[in-house]
Each structure stands twice: as structure tokens, then as C-alpha cells.
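# Secondary and tertiary structure notes
The chain contents come next:
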Amino acid sequence: QVIRLCDISGQKAFSSVFIQGPVGVGKTYLASVIAAMREAIEGNLSVTSDEQYLDLGSFDEHYRHVITPPGTEDLITSEIFGHLKYAFTGANEERPAIFEDENNSPVIRTVFFDEIGRASLLMQIKLLEVYNSKKYKKVGCKKHKPTDAFLISASNQDLLGLVKQGTMTPDFLSRILGGVKLVIP
């Protein structure tokens, strides 16, 4: 039944997937299965039986798992969106964004934001721009780069409660929940 839900969630018709559930129920594993099924649907991963969905093989080169980090805005922005060489003190080499491979090519097809409820308000605004425009901008760069990455997010927190507390914007919540929502008891 879970595999069937993942298959439905991975369909091209959906722009995003949100997985909610307590710690330790397998949200990360579920996200990787959804991403693998999406790859299979797009013809980038060959699948012959349900069990092969669980063997991700070379699929990892097109998938990023980001644990939404606590920390300073500049560090988080640099970690997620990358930066150009010399964009700030200590940036001695260019860093790829999570949407890029090591050659700075935007080839990542699925990004999983784990514990999205920890994202700061500024990070929510920046991620909302990626959700809406399918573009991102590296630190120190003047131009946006396109991405067609499918975004999966997860949390063990009550996101509506975070909106009421003022730590999550209603627009961000609406966008996260705009696709498929899977609740794991």
C-alpha cells in the first residue's frame, strides 16, 4: 500500500510532495522511494518489479537529501544555493548549489528537504521563490539559474501550528501542501 502511495506521489502531475510523521517512521526512506519512482516514470531508472524500486543504484547522482539546517542565514544560503569563488571572505572556491552536480550543472532532479519546519523565515522566502519560479541564484551571482527539480519536504512538526506561532509563512505552507500530502501515523 505504501509503494502504491509512492507511485501516485511520484507522478509528473504533482509539483511537490510533503510527508508528515513522527521521528523514526521512515520519512527519509519514503522520500527516496518516491524520487526513485519518479525517475522510473521519466525513464531514467529501469524497473521490472516492485522490489527494484527499493534498489536505488545509480539514482543517487540525481537526488539530494538536505536536512534543513539551523545556523546563520549566510551559511545556510551558501550551503543550499551554492556560491561563486570569492563571493565572501573564505569562499576560496565555487560551491555548487544543491540543484547542481560537482560541475555546477543543474542536473539534480529531486531535492528532499528534511525537517522543513526548521527553515527560517528568510529561507522560506528563498525556497518559495524556487518552488514558484523554478530558478535559484548562487551567493555572489547576478543571474538566476533554472532548475526543474521536484521538491519533496518532510516534518514531524505541526506546520499549521508554526504558521500560528509566526515561524512559518502562510504562503510557504500553502506551497508545501500544494501537491501531495502523505501523513504517516
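Relevant structure appears above.
Residues numbered from 1 in each chain as written. Predicted model: local features only at pLDDT ≥ 70, side-chain atom pairs only at ≥ 80, totals over all residues. Heavy atoms only, no water.

### Some remarks on unusual backbone geometry
- The phi angle at Tyr86 is positive, at roughly 65 degrees, despite the residue not being glycine.
- Phi at Lys134 is positive, roughly 60 degrees, even though this residue is not glycine.
- Mapped onto the fold, Lys134 is located in the loop between helix H4 (121-133) and strand E4 (135-136). (Helix = DSSP H or I, 4+ residues; strand = E, 2+ residues; numbered from the N terminus.)

### Quick look at the pairing of strand E7 (residues 180-183)
- By the alternation rule, side chains of E7 split into Val180 and Leu182, which are all buried, and Lys181 and Val183, of which none is buried.
- Where strand E1 (residues 16-20) lies against E7, four bridges are found, and the strand directions are parallel. Residue pairing across strands places Val17 opposite Val180, the latter belonging to E7. (Buried < 20%, exposed > 50% of the residue type's maximum accessible area, 1.4 Å probe, protein only. Pairing = 2+ DSSP bridges.)

### Examining the packing of aromatic side chains
- According to the stated counting rule, one finds three aromatic pairs in the structure shown.
- Look at Phe81 and Phe99: their rings are 6.5 Å apart centre to centre, the planes differ by 40 degrees, and that puts the pair in the tilted class. One end of the pair, Phe81, is in helix H3 (residues 73-81); the other, Phe99, is in the loop between H3 and strand E3 (110-114), and 18 residues separate them in sequence. Judged on exposure class, the residue Phe81 and its partner Phe99 are both buried.
- The interplanar angle of 70 degrees and the centroid separation of 6.3 Å between the aromatic rings of Tyr131 and Phe172 together place this pair among those described as edge-to-face. A residue pair is termed long-range when its members are at least 10 positions apart, and Tyr131 in helix H4 and Phe172 in helix H6 (residues 170-176) qualify at 41 residues. (Phe/Tyr/Trp six-rings, centres within 6.5 Å; stacked < 30°, edge-to-face > 60°.)

### Let's talk about the nonpolar core
- Phe99, Val111 and Phe113 are the most contacted members of the largest nonpolar core, which has 28 residues in total.
- Put simply, the parts of the chain that give this core at least two residues each are H3, E3, H4, helix H5 (159-165) and H6.
- In terms of residues, this core owes the most to one element, H4, which gives five residues.
- Within the second largest apolar cluster, 14 residues are counted, among which are Leu30, Tyr63, Phe150 and Leu182. (Core = buried A, V, L, I, M, F, W, Y, C linked by side-chain atoms within 4.5 Å.)

### Observations concerning the packing of H3 against H4
- Closest axis-to-axis distance for the H3/H4 pair is 10 Å, and the angle between their directions is 25 degrees. With respect to their mutual orientation, H3 and H4 come out roughly parallel. Where H3 crosses over H4, the handedness of that crossing is right-handed. Across the interface between the two elements, Glu73, Ile76, Thr77, Ile80 and Phe81 of H3 pack against Leu122, Met123, Lys126, Leu127 and Val130 of H4.
- Tallied by class, residues from the contact of H3 with H4 come to seven nonpolar, one polar and two charged. (Axes fitted to C-alpha atoms, helices over the stretch in contact; angles between N-to-C directions. Parallel < 35°, antiparallel > 145°, perpendicular 65-115°, else oblique. Left-handed = near helix turned anticlockwise from the far one by under 90°. Contact = heavy atoms within 4.5 Å. Nonpolar A, V, L, I, M, F, W, Y, C, P; charged D, E, K, R; others polar.)

### Re H3
- Those residues of H3 that sit buried are Ile76, Thr77, Ser78, Ile80 and Phe81.
- Residue Gly82 follows H3 closely and has a positive phi angle near 75 degrees.

### As for the sheet that holds strand E2 (residues 63-67)
- The five strands lie next to each other as E2-E3-E6-E1-E7, forming an open sheet whose pairing is parallel. Looking at which strands have only one partner, the edges of the open sheet turn out to be E2 and E7. In this sheet, neighbouring strand axes are inclined to one another by 15 degrees on average, regardless of whether the strands run parallel or antiparallel.
- Bridging between E3 and strand E6 (residues 150-155) involves four bridges; their strand directions are parallel. Bridge pairing in E6 links Thr110 to Phe150.

### Describing the environment of Ser155
- By the element assignment, Ser155 lies in strand E6.
- In this structure Ser155 comes out as buried when scored by relative accessible area, which is 0%.
- Separated by 134 residues in the primary sequence, Ser155 and Gly21 have C-alpha atoms spaced 6.6 Å apart.
- Beyond its immediate stretch of four places on either side in the chain, Ser155 contacts Phe18, Ile19, Gln20, Gly21, Lys27, Glu115, Ile116 and Gly117.

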